[in-house]
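# Working through the structure, step by step
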Amino acid sequence: MGESERMKLVFMGTPDIAATALQALLDGPHEIAAVFTRADKPVGRKQVLTPPPVKVLAQAHGIPVYQPRTLRDGEAEKILAALAPDLIVVVAYGRILPAEILALPRLGCINLHVSLLPKYRGAAPIQWAVLNGDAETGVTVMQMDEGMDTGAVLRTVRVPIGPEETSADVFAKVAPLGAQTLAEVIDALGAGGLVPVPQDSAAATAAPPLQKEMAAFAFAQAGADRLHDLIRGLYPWPVAHFTAAGVKIKVNRARVSALSGAPGTVLATRPLTVACAAGALELLEVVPEGKRPMTGSEWAAGRRLKPGDCIRAEKED
């Protein structure tokens, strides 16, 4: 493998994990000729129009930013043809690249995906790994084709998932590792030293976008281990919740307890421990509707709950 050449890159990405990757490339030897990102979006209660993290970072470095509504009307293709990049780098952009764009760069298009492909192809790979109680995930850099995360793999790095870690915790671990791996792969491609390995599509699993409807649970619905994974996987969005006395109670953090009892029964208040279909959960941090985050014990004190009481939490339709 020879020495890596300085290449002209176009970067496509939108959220924080993409901004972390872009920063790693800005710190490297290659030219970032332009950035493509999604449109500014209204954020928060006041719906303030807010640029994506990738746009903010690119503008801070004086890099041209494009926010096309579509990649399929020929306009983006014209812009990219004029830029003539050696490589297009994609991280959580949120759009499928059409064949005409995939064929433009000399070295094609590569994508950073935060799973061990072909496992968890799709929009929410980290969250599904945590939801399913997996002990590990990883980052994969692949050569892109017209499918959804189906391209040949250039490099994979494994990452353990701790038993108490949330999706947010795992994202915080994989973002810098993914950025570093991506930068290394780009250097290796420039030196002509990587052989793409086709994925085994028979082993593929899907990681579709999360839905708000997934977040509602009842203590009788499942065992403590399963509900614990639900709570971890749905944090920071959409956040798992139960409904008690008509009030939605979000659960930010919980822990599996060794206690057991009839589902919904309060087994202890310090920490607040509630029996599930099997086992029990300690509710460490909750957010009652319209209130600030608080410990489960604080919420229980406000409700004057005591051991033996039943939280009649019904799963929403």
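Because the structure is a prediction, the values reported are computed rather than measured.

What the chain contains, in helices and strands, is eight helices and 15 strands. Dimensions of the chain, computed from C-alpha atoms along their principal axes, come out at roughly 70 × 45 × 30 Å. The buried share of the chain, taken over its 317 residues, is 49%. Considering only contacts in the chain between residues 6 or more positions apart, those separated by 24 or more positions represent 66%. Accessible surface, the chain: about 14900 Å² in total, of which carbon and sulfur atoms supply 53%. In the chain, 32 side chains carry a positive charge and 33 a negative one; their mean positions are 8 Å apart.

Let us now look at helix 8 (residues 296-303). Those residues of helix 8 not exposed but buried are Gly296, Ser297, Trp299 and Ala300. An end-on view of helix 8 places all buried positions within 160° of arc, on one side of the element. The outward face of helix 8, more than 90 degrees from its buried face, is lined by the exposed residues Ala301 and Gly302. Those residues of helix 8 hidden inside the fold are in contact with strand 10 (241-244), strand 11 (247-257), strand 12 (266-269), strand 13 (272-275), strand 14 (280-288) and strand 15 (294-295). A positive phi of about 55° marks Arg304, the residue just after helix 8.

One face of the sheet, then the other: side chains in a regular strand alternate in exactly this way. Counting buried residues along strand 7 (residues 109-113), five of its five residues qualify, which places the element largely inside the surrounding structure. Residues Cys109, Asn111 and His113 line one face of strand 7 and the alternating positions Ile110 and Leu112 line the opposite face, and both faces are buried. Note that strand 6 (residues 87-91) and strand 7 share four bridges and pair parallel. Within strand 7, the residue paired with Ile88 across the bridge is Cys109. One ladder, built from four bridges, connects strand 7 with strand 8 (residues 136-143); its direction is antiparallel. Residue pairing across strands places Asn111 opposite Met142, the latter belonging to strand 8.

On the basis of which strands lie adjacent, the open sheet formed by seven strands has the order 5-2-1-6-7-8-9 and mixed pairing. Both outer strands of the open sheet, strand 5 (65-66) and strand 9 (153-160), are each paired with one neighbouring strand and no more. In this fold helix 1 (residues 16-26) packs onto strand 1 (8-13), strand 2 (31-36) and strand 6, with an angle of close to 165° to the strand it touches most, strand 1.

Glancing now at the pattern of salt bridges. Under the defined criterion, the tally for this structure stands at eleven salt bridges. Put simply, Asp86 and Arg106 hold a salt bridge, and the shortest N to O gap is 3.2 Å. Separated by 20 residues along the polypeptide, Asp86 in the loop between helix 3 (75-83) and strand 6 and Arg106 in the loop between helix 4 (99-102) and strand 7 bring together distant segments of the chain. The class for Asp86 is buried, based on a relative accessible area of 18%. A salt bridge links Arg292 to Glu298; the shortest N-O distance between them is 3.9 Å.

This next bit is on unusual backbone geometry. Residue Pro118 is bonded to the preceding Leu117 through a cis peptide linkage, with omega at 15°. Relative to the assigned elements, Pro118 resides in the loop between strand 7 and helix 5 (125-131). A cis geometry characterises the amide bond from Tyr235 onward to Pro236, with omega recorded as 20°. With respect to the element layout, Pro236 can be found in the loop between helix 7 (224-233) and strand 10. The phi torsion at Val239 lies on the positive side, around 75°, for a residue other than glycine. Checked against the element boundaries, Val239 lands in the loop between helix 7 and strand 10.

Cut-offs used in this document
- Residues numbered from 1 in each chain as written.
- Predicted model: local features only at pLDDT ≥ 70, side-chain atom pairs only at ≥ 80, totals over all residues.
- Heavy atoms only, no water.
- Helix = DSSP H or I, 4+ residues; strand = E, 2+ residues; numbered from the N terminus.
- Buried < 20%, exposed > 50% of the residue type's maximum accessible area, 1.4 Å probe, protein only.
- Contact = heavy atoms within 4.5 Å.
- Areas by Shrake-Rupley, 256 points an atom, 1.4 Å probe, with all protein chains shown as cover.
- Lys, Arg positive; Asp, Glu negative; His and termini not counted.
- Charge placed at Lys NZ, Arg CZ, Asp CG, Glu CD.
- Arc of directions from axis to C-beta.
- Pairing = 2+ DSSP bridges.
- Axes fitted to C-alpha atoms, helices over the stretch in contact; angles between N-to-C directions.
- Salt bridge = Lys/Arg side-chain N within 4 Å of Asp/Glu carboxyl O.

It is worth stressing that arrangement in space is one thing and function is another; only the former is reported here.
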